Structure formats: C-alpha cells, structure tokens
Amino acid sequence: MGLVDQGVLSLNTLLMAALVGHTLSANGFGAYGIAFVIYTLALTVSRAATSMPFMLLWKDSSRSRGFETGFFGVSVLLSSFCGLVIACVSIFINGELQAGLLGIAAAIVPLLIQDSFRYYQLKVVGIRVVLAADTIFLASNMALQALVVVIAPPQALLFIMFSWGLSALLSMLVKFRVFALIRVNRCVHFFTVPAKGPASNLTIEAFVTSGSQYTAILLASAFAGLALSGQIRGGQVILGPLVVISQGVLMSVLPRVIELGARDRVRVSRVSMLFGAFLFVCSIVYSGIAFLIPDSIGERVLGGAWSLSLQSLLPLAIAQAFGGLALGATLGFRGLGLTSPTMWLRIALFPIAPIACVGGYFWLGVTGCVWALAVSSAVTCFALWWRYLRVAGVQSSEAPVPSESLKDGRHRRPEVTSDLLP
C-alpha cells in the first residue's frame, strides 16, 4: 500500500508538469522548475525540523498531546515564514519567474502543513488514511488544474501553483479534526523533547542529502537561467516512476536487513550489495526504455517540455543509477545499526554538488551543470561504499553489533523508515 501511495504522489506531480508543459513556454516551464526546487528545499527544512523528529520520538501515550500540538504549531510557523520570504523575494523579480514565486509563496503554507499531516497520520493512524488523503489531493488537483485550463488566466503559472496548494488543503479534510491539534503556543514544548543519537543523525543526514542537490540546482540556475531548471525538472518528471520503484523495494527490504544485522553481518553486506546493484540496473533499464519513447508520445504527455527533458535525461539517469547504488551502502549501515558514519560523510560531501554545478556551468555551460550532477552522484556513491566496506570489515571481526544510544540510555537498533533514508 505504501508503494501505491508513492505512485499517487508521483502521478500528481506528473500531471502538474504535463499541464505546465502544454500551457506555458520553455521559460514558463523553467520558472515552474525553479518554484519546484524552492518548494523542495523548504520541504527538506520542514521535514528536518518537524516530521522526522516526530516520526522518531513520538510515543503513544497521553503525555504526547503537547508534543503533537507543538509539532503542528512549528509546521504552521515554519511554512508561513517560508511563504513570507518567498513572497518578499518575488517583489524584486519580473516575468514568469515572478508568477511562479508568487504562486509557490501562496501554496507552500498548505503544502508543508499537508506534508506534516501525512507523517502524523502515518505514525498515529496508518497508511490507509494517508492513501485516502493523497487520493483526494490528486483528484482535487486534477479538477482545479482543469479549471485553470478552461479559464486560461493571463498568469497561468500563478494559478497552477495556487491550485496545487488549495488541493493540499482539501486533502486534509479526510481527517478534519486534526486541525484542532494546531497550537502555535506549544511550539517550545515540541523542542523540549531531546533528539540525540540515531534520531538526530538521521534528521541531519536526510537534510544535507536532499539539500545538497537542490541547492546545487538553485545556485547553478542563478547563472544559467531558466533553461537549466526547465531541463532538470523535465528529466526528474520522466524519472519519477523510477523513484517510486526504489522506495517500494526499499520499504520491503529495510526491516529484514535490520533484523538480519543482529544475526549475520556478512549477509548484511551481501544483501546491501545486491540491493544497490538491483537499483542500479533498474535505473539503466528504465532510462533505456524512456529513451525509446517516440517524440510524438512524449510531446502529448509533456508538451513542449519533452524536448527540454531529453537534453538532461542521460546525465540525470546516470545520477539516479549511482544514487540507487549508494542507497545499498546506506542500507548496509542501517543493517549494522549505525547512523553517525553516514551522517558525517554526507555532511562532508555536501559542498560537492553545488561547487561542481557552478564550475560545470563556467566550463561547459548548461550541459556542464547537468553532467556535474551525475559526477557528484558518482563521487558520493564511491565514497559511501568505500566507507561502508571499511566499517563492515572491522565489524565482521567484532561482536556484538554496536548500537547507538537513544535518549533514554537504552541500546537498540534505530527505527528507520524509507522516508528517512537518503
């Protein structure tokens, strides 16, 4: 069911990209790409500050009431701050990019709150409610976007982004009582729950992993313009189903690998290698199939954005393949019950993608930026596997498997979900 939910979310973004590709020019699609990058960066910050600590530290007890209300309060304040900052920046920008920024400034508040709502329901209630909410999100977004097409307003991108946010708000009505949990005055209580050890490590790692790539795209777009963001966003849309497949496989494998780590470290390494290799091969095969899609079909789906997408598809496919291979090393670390090695390594690797993308632009232009993402992904992959093989070699001669302390002093393997794995 988790795979189905990921598929619904992926379909939602695909339909939005298709609408933008059919409705706007190449520059308009590039403005949409910039808006989506900003949204993703804000989402990364929001999850690191709210959703991940909640998922890792929430306990099913009456004393959690303050923690829950503070969780939603922080989400409201953070999303409002992000929307205000984006709106202020848009004042100094003209053209289609201004429309995209104003649209995401209005939409980002309900979008970030809805993301927190999803994590809350997943942890407290279960995946069925999350799937129902995401289905409403998809249906309402399709209806509102169709209305935008019929009306054809002069600032189409602004209305497209605003409709996206309104759909997120409507999706939360599946459990409308959750709005009663929003208490801004309980924000401080949320941060009084200590988050050390695995919980803190996983949060930081997820933040720097996602933040590195999207910071690189945003910085490079400042030099290369909307053409770069349009190319990358189009390629990401085409590769979207591949991400869904990776998440689905990960969700089924991860619990078994964590259990296996308590008994057989050698098998953890083998499973991790097979897992990484499987995702690598899947990425290559899927990308090969994508290249075989006739232009006539691609243009029917993405409109004018299809030709933009093809310009970046190969390097982004290579980056995705190395990302899948690197995920195998991360899985191995989780099987050994370790989070700090990957956290520190990800922090050290954070500057590589931004520096490579900006340098690639000054060397080879827009093409150099996109290929720099593939190179940085390969470097990250090799670094993670080098570190993992060294740690696994030491672990194989020791017993028991070392675990990391949680806040209460007890030792156990950290609870990890697929959303917390880079």
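Numbering of residues begins from 1 in every chain and follows the order in which that chain's sequence is written. Two thresholds apply to this predicted model, a pLDDT of at least 70 for residue-level local features and 80 or more for giving and counting side-chain atom pairs, whereas whole-chain, interface and lining totals are computed over all residues. Water and hydrogen atoms play no part in the side-chain values, which are based on all heavy atoms of the structure.

Enquirer: Could you clarify how one ought to interpret a nonpolar patch on the surface in this entry?
Expert: Put simply, a patch holds well-exposed residues, over 30% relative accessible area, that have no salt bridge, with like charges counted together within 9 Å and Val, Leu, Ile, Met, Phe, Trp or Tyr side chains within 5 Å. Here the Shrake-Rupley method, with its probe set to 1.4 Å, supplies the accessible areas, and only the displayed protein chains count as covering residues. Here a salt bridge means any side-chain nitrogen of Lys or Arg lying within 4 Å of a carboxyl oxygen belonging to Asp or Glu. A cluster of nonpolar side chains, namely Ile136, Phe162, Leu166, Leu169, Leu170 and Leu173, defines an oily patch on the protein surface of about 470 Å² accessible area. Looking at the element boundaries, Phe162 is found in helix 6 (residues 156-171). Runs of H or I in DSSP of at least four residues are treated as helices and runs of E of at least two as strands, each being numbered from the N terminus.

Enquirer: Can you help me understand the packing of aromatic side chains in this one?
Expert: Any aromatic ring pair is given by two values, namely how distant the centres are and how the planes are angled relative to each other. Classification of ring pairs uses Phe, Tyr and Trp, with its six-membered ring standing for Trp, and accepts pairs whose centres are within 6.5 Å; under 30 degrees between planes counts as stacked, over 60 as edge-to-face, and the remaining range as tilted. A complete count under the given rule lists 12 aromatic pairs for this structure. When the ring of Tyr39 is compared with that of Trp164, the centres are 4.9 Å apart and the planes differ by 65 degrees; the resulting orientation is edge-to-face. Taken together, the residues span a long stretch of sequence, with Tyr39 in helix 2 (residues 26-57) and Trp164 in helix 6 at a distance of 125 residues. For the exposure calls, accessible area comes from a 1.4 Å probe over protein chains only, and a residue counts as buried if that area is under 20% of its type's maximum, exposed if over 50%, partly exposed in between. The exposure class of Tyr39 is buried, given its relative accessible area of 11%.

Enquirer: What exactly am I supposed to notice about helix 11 (residues 265-291) here?
Expert: Residues that lie three or four places apart on an α-helix share one face, since the helix turns once every 3.6 residues. One fewer than the residue count of a helix, multiplied by 1.5 Å, yields its expected span. Between its first and last C-alpha atoms helix 11 spans 39 Å; for 27 residues at 1.5 Å apiece the expected length is 39 Å, and the two agree. The complete set of buried residues in helix 11 reads Arg265, Val268, Ser269, Ser272, Phe275, Gly276, Leu279, Ser283, Ser287 and Ala290.

Enquirer: What should I look at first to understand the environment of Gly240 in this one?
Expert: Along the polypeptide, Gly240 turns up in helix 10 (residues 240-261). Between the C-alpha atom of Gly240 and that of Ser10, which follows or precedes it by 230 residues, the distance is 6.3 Å.

Enquirer: Help me understand the nonpolar core, please; the structure alone is not making it clear to me.
Expert: Across soluble globular proteins, you tend to see nonpolar side chains buried next to one another. With 61 residues, the main nonpolar core has Tyr32, Tyr39, Ile104, Leu111, Met161, Trp164 and Leu302 as its most contacted residues. Sorting elements by how many residues they give to this core places helix 2 first, with 12 residues. It only takes one pair of heavy atoms within 4.5 Å for two residues to be counted as in contact. If we ignore the near neighbours within four places in the chain, the residues touching Trp164 are Met16, Phe36, Tyr39, Ile104, Leu111, Phe137, Asn141 and Gln145. What is meant by a nonpolar core is a set of buried Ala, Val, Leu, Ile, Met, Phe, Trp, Tyr and Cys residues, joined one to another through side-chain atoms within 4.5 Å. Judged by nonpolar contacts, the second largest core, of 28 residues, contains Phe275, Phe322, Leu327 and Leu331.

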